[in-house]
Amino acid sequence: MGENGFAREAKLRYRRAWHIGWLAIVCVMLGCEPSLAVEVSNAPVLRIDTGTHTAAINRIAIDPAGRYMVTGSLDKTAREFDLRTGGLIRVLRPPIGFAQEGQLNGIAVSPDGAIIACGGSTGYQWDETDCIYLFNSSDGSVVRRIVGFPNAIVDLAFSPDGRYLAAVGNAGGLRVYASATGALVGEDTAYGNQAHAVAFDPSSTPSMARITTTCYDGFVRCYTLNDAGATLTNKARLMNGKLVHGLAYSPDGKRLAVCYADSMKVDVLSATDLRVESSADTGGLDGTWLGSLAWSRDGEFLYAAGAAHNVSGENIVRRWTAGGRGAARDIVAGRGGLMDLKTLSDGNVAYASGDASIGIINATGAVVSVKAPPTAEFRAAGNAFRVSADGSKVSFGYSMWGKNTATFSVSALSLQGELAPQDVAPPIVNAASWSVTNWLNNAEPRVNGSVIALSPYELSRSLAIAPDRTGFVLGASWNVYDFAADRTLRWRVPSPAATWAVNVSGDGRLAVCGFGDGTIRWYRMSDGRELLALFPHADTKRWVLWTPSGYYACSPGGEDLIGWHINRGKDKAADFFPASRFRSQFYRPEIVERVLTTLDEGSAIREANGASTGSSAASDISRKLPPVITIISPQSGEAVATDTVTVRYTLRTPSGEPSTGIRVLVDGRPISSATRRITVVSEAGQGDSMTVVIPRRDCAISLIAANRFAESEAATVKVFWRNAGAAPTVDALKPKLYILAVGVSAYKDQSIQLTFPAKDATDFVSSMIRQKGQLYSDVTVKSLTNTQATRDGILDGLDWIQKQTTSKDVAMVFFSGHGTTDADQTYYYLPYDFNFDHVRSTGLPDTEIRRTLQSIAGKTIFFVDSCESGNAIGRKGLGGGLTKVINELSSAENGAIVFAASTGKQSALEKPEWGNGAFTKAVVEGLMGQADLLHNGSVTVAELNVYICERVKNLTGGSQSPVIMVPGTVPDFPIAAVR
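Attention here is on the structure that accompanies the text. (Residues numbered from 1 in each chain as written. Predicted model: local features only at pLDDT ≥ 70, side-chain atom pairs only at ≥ 80, totals over all residues. Heavy atoms only, no water.)

1. Details of the overall build of the chain
Part 1: Along the chain, the regular secondary structure elements total 14 helices and 71 strands.
Part 2: Compactness check: the chain gives a C-alpha radius of gyration of 29 Å against a globular reference of 30 Å for 979 residues, within 12% of the reference.
Part 3: Projected onto its principal axes, the C-alpha positions of the chain cover 90 × 85 × 55 Å.
Part 4: Across the 979 residues of the chain, 59% fall into the buried class.
Part 5: Excluding contacts between residues fewer than 6 apart, the proportion of contacts in the chain whose partners are at least 24 apart in sequence is 56%.
Part 6: Surface summary for the chain: the accessible area is close to 35600 Å², and the carbon and sulfur share equals 49%. (Helix = DSSP H or I, 4+ residues; strand = E, 2+ residues; numbered from the N terminus. Rg over C-alpha atoms; globule rule 2.2 N^0.38 Å. Buried < 20%, exposed > 50% of the residue type's maximum accessible area, 1.4 Å probe, protein only. Contact = heavy atoms within 4.5 Å. Areas by Shrake-Rupley, 256 points an atom, 1.4 Å probe, with all protein chains shown as cover.)

Listed below in structure tokens is the structure:
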């Protein structure tokens with residue numbers, strides 16, 4: 001971005017003018033006059049949700065008991081993370097609106113950990129003032145809304161006794177509220193600029209609390225507080241910077257550390273008189289500001305971070321000994337500017353960054369845990385952001401400067417990690433007879449020297465000149481613009497985030513843009529209408545591609561990267577429903593792949609429905625919402641000492657449809673009705689309870705509710721066995737393993753022969769028979785190959801394994817052979833007696849496979865060495881059915897672990913020199929011991945996953961990408977012992 005860009009955005013970040021400008025733009029597009037007060041809309045909004053943040057994390061707050069950490073982000077969510085496991089506990093969702101509405105800047109946790117306060121650009125669109133949401137940390141509901149803050153809230157802090165909540169912001173100075181009632185207790189509005197930080201003296205007493213704030217007017221202010229109000233006791237102007245930014249009290253409350261938004265200085269002050277006692281050594285740091293501070297628990301170390309990097313360009317946290325007076329050490333951390341630092345109860349320090357990463361630094365100064373950002377980084381993409389002539393193919397880099405290249409094809413619905421192919425071109429940035437200058441990270445781009453008018457405070461980010469040189473597309477902070485060569489605005493559309501990259505297809509039909517939220521979006525050049533959006537996850541495997549109405553295609557595991565946010569009014573937490581809850585209506589790859597050809601979603605729907613019996617329009621999802629179930633107790637991470645656990649929960653039915661029941665899972669598998677007792681299910685959302693019998697070990701308990709339309713997301717808590725008098729469960733007998741292995745090489749139809757599937761099934765069985773007496777007390781096999789693998793024979797085999805497997809056993813189902821998908825995205829495994837003239841009556845549909853695997857009581861693993869091989873057998877395949885099956889089987893409600901050879905339109909390869917298909921070869925090698933990556937005598941699901949992916953990649957030169965999907969409710973466990 002450059003130093004001027006960072007400084008400019010730091011100053012403008014909370015300007016209400018930005019909000020007003022956005023509001024005006026949206027109103028112009030809708031043909032209405034701007035109005036600062038609007039009603040809270042409950043219309044479903046399609047949003048990205050990856051399980052972690054997708055935009056800058058502005059603040060961290062820590063539960064004083066050390067159970068969880070909360071992060072607040074510009075992506076309009078706050079998230080609770082379990083500090084023991086690192087897992088996501090829940091998402092806190094305020095109501096959101098357009099532009100900034102819902103972005104979170106301030107986060108605080110009450111001393112007892114029961115309440116999480118969130119504020120930012122919150123509530124302004126409907127109240128014309130901002131508000132603070134107080135969330136219940138145990139269930140995510142809104143307890144109270146404190147209204148009346150005059151502008152965007154920047155920071156929040158609870159008093160040590162929890163009686164008071166202090167807030168500072170863009171305007172309005174300091175305001176202090178009674179936590180229990182939300183009543184205003186004290187305020188100071190005489191601030192000359194934005195107040196940025198607020199903190200309570202940790203040595204405050206119930207009778208007299210002390211508060212300190214920082215402000216961009218150059219002052220640090222100290223107050224005393226009681227029920228009579230806040231009294232300013234000290235005010236000092238600091239000299240090392242004009243914009244006083246970060247603030248942190250030492251653990252004993254005797255010192256204050258401050259830093260600046262316009263300086264690399266860090267000062268340590270006396271908390272008594274605000275006298276500067278020392279300045280930390282910031283020599284050797286490059287950057288523009290240090291904005292975040294934290295002390296170690298004993299006060300020995302002082303940490304600082306912000307837009308600082310070392311001579312190698314790596315972002316760093318600097319740590320000083322002797323409370324900031326001693327030697328400095330630099331710790332490499334984060335990919336973007338570091339926004340906040342907080343000390344954990346165990347003495348470690350957590351950081352959050354502008355690129356949405358989260359990390360933990362231990363007492364020795366080592367980064368021991370990192371939650372990486374989920375988004376591709378399109379900044380400085382330059383010539384690496386390339387598009388094919390028809391716009392259907394885009395090459396991009398997952399990292400800055402266009403590094404880590406991948407190519408996505410809309411027509412093939414595939415993502416390949418490879419160098420950009422020859423048929424994609426970089427953006428054009430020069431025209432012979434006219435020029436666009438001053439466009440990179442600047443507020444005043446020019447055409448032939450004349451300034452182009454952007455929105456107030458907006459910066460230009462990217463440029464692409466149309467191939468016919470009649471105009472250009474300009475990407476900016478909050479908009480995408482299309483200008484004629486004479487600067488005439490042809491269209492403008494709001495962007496979901498900064499437009500870091502832009503290109504125009506060679507045929508001039510499409511503008512393709514890469515945004516700061518990690519999406520790539522296609523726009524119709526004639527009028528700027530959005531046609532498609534792609535989110536390629538930073539793991540380089542998962543992706544989802546969707547239309548404005550919500551029809552989507554995806555990779556395995558990709559469909560829940562998006563979902564529907566639905567506000568429930570301004571006083572309640574919003575709901576969020578992942579796309580998978582509406583799979584039957586919206587999973588329509590045959591629509592998605594037609595959109596760029598027709599340049600119209602409606603036309604694509606009509607074309608696709610000529611070959612499909614699916615829905616012709618996006619259904620009204622508000623009428624078909626699933627239930628929402630929440631576990632109130634036990635809390636995730638709680639210790640249990642008995643094998644009967646009372647689970648308290650609430651159940652809501654947003655659509656009004658009554659619940660048809662609740663399923664209980666332990667470690668991802670259903671428990672029998674004899675092990676649970678369910679009381680009354682409440683449709684009104686009141687708390688009810690059930691008794692669940694669990695094994696004497698650490699485990700996860702999940703509840704899933706259903707109505708006639710869909711099943712809810714699983715509500716899950718992890719409990720830890722802590723009973724010295726009752727030993728953890730050790731099975732007197734090892735579990736049994738049941739295997740159904742099916743492989744067809746020689747089909748009745750001579751035109752669709754293969755070489756190795758029958759041998760694949762036999763070799764898989766041989767690799768697992770060896771486990772008898774090792775990991776399993778017995779291994780029982782039903783093997784069906786070639787003529788044995790008829791449709792009826794396979795159905796009998798599925799029925800057999802379902803009946804045989806108990807809750808203590810493990811079931812493995814292995815299929816190798818051909819597969820195909822029909823126009824309705826139903827996947828069929830091809831039995832020996834398959835007939836293409838009678839697909840439905842002779843093929844084995846995915847519904848039969850899913851019904852069996854869902855019903856098996858024990859741990860269930862499905863291996864499928866089958867591609868959607870329509871092209872390989874001379875018939876057209878649509879390429880989405882197997883992906884749909886994998887996503888369905890591995891969902892929490894079905895709970896199967898899936899190992900698949902390939903997805904989409906890839907082939908599952910086999911070669912004589914391998915003696916198997918590539919996938920089965922890797923599976924057998926891994927189970928025989930090659931996947932014992934930790935060399936501890938066992939192969940776990942996770943280890944087999946890693947081994948298979950690398951082995952198949954090496955065998956096939958990267959042309960085949962196996963997929964392994966594990967439900968989030970199922971923990972890792974060993975599946976083979978190694979002699």
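2. Considering the nonpolar core
Side chains of nonpolar character tend, in soluble globular proteins, to be buried together.
Part 1: Of all hydrophobic cores here, the largest spans 54 residues; its most connected members are Ile 520, Trp 522, Leu 545 and Tyr 552.
Part 2: Counting residues per element, this core draws most heavily on strand 45 (residues 530-536), at five residues.
Part 3: Residue contacts for Ile 520: discarding those within four places in its chain leaves Phe 378, Phe 385, Val 394, Phe 396, Val 512, Cys 513, Leu 532, Ala 533 and Leu 534.
Part 4: Judged by nonpolar contacts, the second largest core, of 35 residues, contains Ile 794, Phe 836, Leu 882 and Val 885. (Core = buried A, V, L, I, M, F, W, Y, C linked by side-chain atoms within 4.5 Å.)

3. Concerning helix 14 (residues 941-956)
Part 1: Look at helix 14: 22 Å from first C-alpha to last across 16 residues, which is about the 22 Å you get at 1.5 Å a residue.
Part 2: Those residues of helix 14 lying buried are Val 941, Glu 943, Leu 944, Tyr 947, Ile 948, Cys 949, Val 952, Leu 955 and Thr 956.
Part 3: Those residues of helix 14 that are buried are in contact with strand 65 (859-865), strand 66 (897-900), helix 13 (918-930), strand 69 (938-940), strand 70 (963-965) and strand 71 (974-977).
Part 4: Once helix 14 ends, the next one or two residues include Gly 957, with phi positive near 65°. (Expected span 1.5 Å × (residues − 1).)

4. Quick look at the sheet that holds strand 36 (residues 446-447)
Consider a sheet: its strands pair through backbone hydrogen bonds, and that pairing is either parallel or antiparallel.
Part 1: The sheet built from three strands is open, its strands ordered 35-36-37 with antiparallel pairing. Looking at the sheet topology across the chains shown, the edges are occupied by strand 35 (436-437) and strand 37 (450-451).
Part 2: One ladder, built from two bridges, connects strand 36 with strand 37; its direction is antiparallel. Each residue of the ladder has a partner; that of Val 447, found in strand 37, is Ser 450. (Pairing = 2+ DSSP bridges.)

5. What about the environment of Ala 639?
Part 1: Relative to the elements of secondary structure, Ala 639 occurs in strand 51 (residues 639-640).
Part 2: Considered as a pair, Ala 639 and Pro 962 are 323 residues apart in the sequence and their alpha carbons are 38 Å apart.
Part 3: For Ala 639, the residues in contact, after removing those within four places along its chain, are Phe 720 and Arg 722.

6. Here's the deal with the packing of aromatic side chains
Part 1: Tallying each qualifying case throughout the model produces 22 aromatic pairs.
Part 2: With centroids separated by 5.6 Å and ring planes inclined at 80°, the aromatic side chains of Phe 815 and Phe 862 adopt a geometry described as edge-to-face. With Phe 815 in strand 61 (residues 810-816) and Phe 862 in strand 65, the pair connects residues that are 47 residues apart, well separated along the chain.
Part 3: Its relative accessible area of 2% is what places Phe 862 among the buried residues.
Part 4: Ring geometry for Phe 834 against Phe 836: centres 4.7 Å apart, planes inclined by 85°, an arrangement best described as edge-to-face.
Part 5: Residue classification places Phe 834 among the buried residues on the basis of a relative accessible area of 3%.
Part 6: Aromatic rings pair up to connect Tyr 551, Trp 564, Phe 577, Phe 582 and Phe 586 into one cluster.
Part 7: Over the aromatic face of Trp 500 sits the side chain of Arg 379, whose NZ or CZ is 5.7 Å from the ring centroid.
Part 8: Sitting above the plane of the Phe 973 ring, Lys 859 keeps its charged end 4.3 Å from the centroid. (Phe/Tyr/Trp six-rings, centres within 6.5 Å; stacked < 30°, edge-to-face > 60°. Lys NZ or Arg CZ within 6 Å of the ring centre and 35° of its normal.)

7. Overview of the pattern of salt bridges
Part 1: Using the criterion set out here, one finds 46 salt bridges in the structure.
Part 2: Among the salt bridges present, the one from Arg 379 reaches Glu 377, with a minimum N-O distance of 3.3 Å.
Part 3: A salt bridge links Asp 778 to Lys 772, with the shortest nitrogen-to-oxygen separation between them at 3.5 Å. (Salt bridge = Lys/Arg side-chain N within 4 Å of Asp/Glu carboxyl O.)

8. As for the side chain of Arg 791
Part 1: Examined against the element boundaries, Arg 791 turns out to sit in helix 9 (residues 791-804).
Part 2: Among buried charged residues, Arg 791 stands out as having no salt bridge; its nearest opposite-charge side chain is Asp 792, 4.7 Å away.
Part 3: Not counting the four nearest positions on each side in its chain, Arg 791 is found in contact with Pro 831, Asp 833, Arg 840, Ser 841, Thr 842, Gly 843 and Pro 845. (Lys, Arg positive; Asp, Glu negative; His and termini not counted.)

These figures come from the coordinates and say nothing about function on their own.
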